[in-house]
Amino acid sequence: MEDPPLQFGFAKRAITPTLGAQPVYLAGFGHDRRATGVHDELWARAMAVSDGRLKLAIVAVDLIGVFHADVVRARALLEQRLPGARLVVASTHNHEGPDTIGLWGSGRFASGVDARYLDRVCEAIADAAAEALSRLAPARLVLARTRTPGLVEDGRLPRVIDDTLVALQARGEDGETLGTLVDWSSHPEALAGANTLISSDYPHFLRTRIEGRLGGTCVFVVGSIGGLMTPLGLKLDAPGGREIAKDGFGFAQAVGERAAEAALAALGAGHSSESSLLEQRSATVYVPLENRLFRLATFLGVLDRRLFSGGRPATTLFGDDLETEVGYLRLGDAEALLVPGEIYPELVLGGIQEPQDPGADFPGAPRERPLFTLLRADYKLVLGLANDEIGYVIPRSEWDARKPFAYGRAQSQYGEISSVGPSAAARLVEAYERLLAR
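Quantities reported herein were computed from a predicted structural model and do not represent experimental measurements. (Residues numbered from 1 in each chain as written. Predicted model: local features only at pLDDT ≥ 70, side-chain atom pairs only at ≥ 80, totals over all residues. Heavy atoms only, no water.)

## Let's talk about the pattern of salt bridges
Stage number 1. Counted by the stated rule, this structure contains 25 salt bridges.
Stage number 2. Of the charged contacts in the structure, one is a salt bridge between glutamate 211 and arginine 45, with a shortest N-O distance of 2.8 Å. Of this pair, glutamate 211 sits in helix H3 (residues 202-214) while arginine 45 sits in strand S3 (residues 43-50), and the two are 166 residues apart along the sequence.
Stage number 3. Glutamate 211 sits in the buried class, given a relative accessible area of 19%.
Stage number 4. Here arginine 45 falls in the buried class, since its relative accessible area comes to 5%. (Salt bridge = Lys/Arg side-chain N within 4 Å of Asp/Glu carboxyl O. Helix = DSSP H or I, 4+ residues; strand = E, 2+ residues; numbered from the N terminus. Buried < 20%, exposed > 50% of the residue type's maximum accessible area, 1.4 Å probe, protein only.)

Quick look at the structure:
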C-alpha cells in the first residue's frame, strides 16, 4: 500500500519596519546606515508540510539573522496556536533590512536592534507558520537542481564556489502550484552599502518572477553562503551587451531574475518525488566563543546572547560557549541540513585547500568531513542561518587571522572577524555526525 501524498501549505506576512521618529539601522556594511524609505516589502514566508503525523513549518525571513532565543520565542507562540507543530526559521541574511542582531547601530558599541520590532517579527513568524499549516493540502512534490555559472562570485581565497540552485515545487491535485522553495548560495547584498532603501534585495525579484510564472507563494532560502558567496564583483550584461551598473536595483533585478529563470528551467524538467517520507531532527550544540570582539559585544549588551559553560548557563560574566542548534530534514527525495550560520561551501561539498597554505594559522589542522557525505538522497540542500546566526563557519585549516597572512597578502581576508572562532566548524560537523548516525 502506497504512503499518502505529502501535504503542503504556504503563507506570508509582511515584516517591513515602520519608518518614523526612531531610526531604522540597516544591517551590514557599516554603522549608522539609516533607512530613508522602502523599495519593497520584507516578508516572513512559510512553507508548511505534513505527512499526516508530523506537522512542520519552514519560515524564511528577509533579515540579516535571527538569534536562537528569538526562534524559541516564535516556537512558543506557534505552540499556543497549534500544539505539537514544529518550526524552522531561516534568515535570508538580507543586508538591506533592519539590524536584528545588534552589530550595525549608530556606532561600534551601540546595538541597532529595536526590541519591539523583534517582538513583531516573532509574531509574524508564528502567524505565517500557523496559516500555512491551516492551508495544508495534498500535493505532488517536484524537485529540480541546476547550476548558475556567472551568477555567484567568491569574495575570499581559496576560490571555492557553490553555484548550485535547488528548487522544490508543490503542485496541488488540480495541477496548480501551491508554492515553491528556492535554495541558492548567494548573499542578498547586490545593492551594497550605499543603498538606504529597505528592500529584500535580489530575492524580491527572484520571487516575483517565479510567482508570476508559476503562481503560488515562493519561499527563498540561502545555502552555504560563507566563503564568501556573493553577487558583488559580478559583471552582468544587459541585452545588447551593455554592462549593468553595479550596486543598484537594476543589478539586483538582473541577479534575482536570472536565478529565477534558472530555477524555472530546472523545474520544467524536474523530478517528481517518489517518496513521501517526512522527518525532522535537531540537537543542541555548544560552540566555543573564541572571538574576543563578540565576547566584548556580549558583555556590553550589543549582542543579546547568553553564554554557557559545561552546557549550563554561565555563572560569571564570561562563559565559554554559545548555545545553538543543528538540524536535519528529510522531505521526500530531498535531504536538508539546517545550519545555524554562514557555512563555507568547502565544509559542505568538499574542497578544503590541500596542501594548506603556509600562512594559515593552524599548521596541520585536521580537515573537517564534508557534510554532504552524511546524506544519501539525490537532492541535497543546506538551509543556512537556520534557527540561529553564529556567523561564518570556517575550516580550521583555512583560518587566517595572524601574520604572515595566507596567499602572500599584506592583511587578513574578511571572515574571521565575523566568526565565533576556529573551533566552530569541527564542533558543528561532530554534531551532525551524531545527529545523523543511522
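We are not done yet, so read on.
## Here's the deal with the packing of helix H1 (residues 68-81) against helix H2 (residues 115-134)
Stage number 1. Between H1 and H2, whose axes approach to 9 Å, the crossing angle comes to 45 degrees. The angle between H1 and H2 places the two elements in the oblique class. Both H1 and H2 take part in a crossing whose hand is right-handed. Residue-level inspection shows Asp70, Arg73, Ala74, Leu77, Leu78 and Arg81 of H1 in contact with H2, the latter providing Leu118, Asp119, Cys122, Glu123, Ile125, Ala126, Asp127, Ala129, Ala130 and Leu133.
Stage number 2. In terms of residue class, the contact of H1 with H2 is built from 10 nonpolar, no polar and 6 charged. (Axes fitted to C-alpha atoms, helices over the stretch in contact; angles between N-to-C directions. Parallel < 35°, antiparallel > 145°, perpendicular 65-115°, else oblique. Left-handed = near helix turned anticlockwise from the far one by under 90°. Contact = heavy atoms within 4.5 Å. Nonpolar A, V, L, I, M, F, W, Y, C, P; charged D, E, K, R; others polar.)

## Section: a nonpolar patch on the surface
Stage number 1. A cluster of nonpolar side chains, contributed by Phe109, Leu296, Phe299, Leu300 and Phe318, occupies part of the molecular surface with about 470 Å² of accessible area.
Stage number 2. Within the secondary structure, phenylalanine 109 is located in the loop between strand S5 (86-91) and H2. (Patch = residues over 30% accessible without salt bridge, like charges linked within 9 Å, V, L, I, M, F, W, Y side chains within 5 Å. Areas by Shrake-Rupley, 256 points an atom, 1.4 Å probe, with all protein chains shown as cover.)

## Some remarks on the packing of aromatic side chains
Stage number 1. Here the structure, examined in full by the defined rule, presents 5 aromatic pairs.
Stage number 2. Taking the centre distance of 5.4 Å and the plane angle of 80 degrees together, the rings of tryptophan 184 and tyrosine 202 count as edge-to-face. Of the two residues, tryptophan 184 is situated in strand S9 (residues 177-184) and tyrosine 202 in helix H3; the sequence distance between them amounts to 18 residues.
Stage number 3. A ring pair is formed by tyrosine 286 and phenylalanine 308, whose centres lie 5.5 Å apart and whose planes are at 50 degrees; its orientation type is tilted. A residue pair is termed long-range when its members are at least 10 positions apart, and tyrosine 286 in strand S14 (residues 278-288) and phenylalanine 308 in strand S15 (residues 307-309) qualify at 22 residues.
Stage number 4. Every member of this aromatic cluster is reached through a ring pair, and the members are Trp184, Tyr202 and Phe220.
Stage number 5. The cationic tip of arginine 396 hangs over the ring face of phenylalanine 362; the distance from NZ or CZ to the ring centre is 4.0 Å.
Stage number 6. Here the guanidinium or amino end of arginine 402 rests over the ring plane of phenylalanine 362, the centre of that ring lying 5.6 Å away. (Phe/Tyr/Trp six-rings, centres within 6.5 Å; stacked < 30°, edge-to-face > 60°. Lys NZ or Arg CZ within 6 Å of the ring centre and 35° of its normal.)

## Thoughts on unusual backbone geometry
Stage number 1. Here the bond from leucine 157 into proline 158 is cis, since omega is 0 degrees, no more than 30 degrees from zero.
Stage number 2. Tracing the backbone through its elements, the reader meets proline 158 in the loop between strand S7 (153-154) and strand S8 (164-172).
Stage number 3. Here the amide bond leading from glutamate 354 into proline 355 is cis, since omega sits at 5 degrees, within 30 degrees of zero.
Stage number 4. Mapped onto the secondary structure, proline 355 falls in the loop between helix H6 (345-349) and strand S20 (379-383).
Stage number 5. Of note in this structure, tyrosine 407 is not a glycine but carries a positive phi near 65 degrees.

## Let's talk about the pairing of S8
Put simply, side chains in a regular strand alternate between the two faces of the sheet.
Stage number 1. Counting buried positions along S8 yields 7 of 9 residues, so the element is predominantly enclosed.
Stage number 2. Sheet analysis places strand S6 (residues 137-147) next to S8, joined by 9 bridges and oriented antiparallel. Across the sheet, residue leucine 143 finds its bridge partner in S8, namely leucine 168.
Stage number 3. Pairing of S8 with S9, which is carried by 7 bridges, proceeds in the antiparallel orientation. Following the sheet pairing, leucine 165 is matched in S9 by tryptophan 184.
Stage number 4. Where S8 folds back on S9, the antiparallel hairpin that results is connected by 4 residues, among which glycine 175 adopts a positive phi of roughly 90 degrees. (Pairing = 2+ DSSP bridges.)

## Examining the packing of H3 against helix H4 (residues 249-268)
Each packed pair of helices is defined by two parameters, the angle between the axes and the distance between the axes.
Stage number 1. Packing of H3 against H4 brings their axes to within 7 Å, and their N-to-C directions diverge by 40 degrees. Our classification of the angle between H3 and H4 gives oblique. Here H3 and H4 pass one another in a crossing that is right-handed. Residues Tyr202, Phe205, Leu206, Arg209, Ile210, Arg213 and Leu214 of H3 touch H4, and the partners they reach there are Phe249, Ala252, Gln253, Val255, Gly256, Glu257, Ala259, Ala260, Glu261, Ala263, Leu264 and Leu267.
Stage number 2. The class makeup of the residues in the contact of H3 with H4 is 13 nonpolar, 2 polar and 4 charged.

## A short note on the nonpolar core
Stage number 1. Core analysis: the largest hydrophobic core is formed by 45 residues, its most contacted members being Leu337, Ile343, Val420, Leu428 and Tyr432.
Stage number 2. If you list the elements that add at least two residues to this core, you get S14, helix H5 (292-300), strand S17 (321-331), H6, strand S21 (392-393) and helix H7 (424-435).
Stage number 3. Looking at this core element by element, the count peaks at 7 residues for H7.
Stage number 4. Excluding residues that lie within four positions of it along the chain, leucine 428 makes contacts with Val285, Val287, Val326, Pro340, Ile390 and Val393. (Core = buried A, V, L, I, M, F, W, Y, C linked by side-chain atoms within 4.5 Å.)

Purely geometric numbers; function is a separate question.
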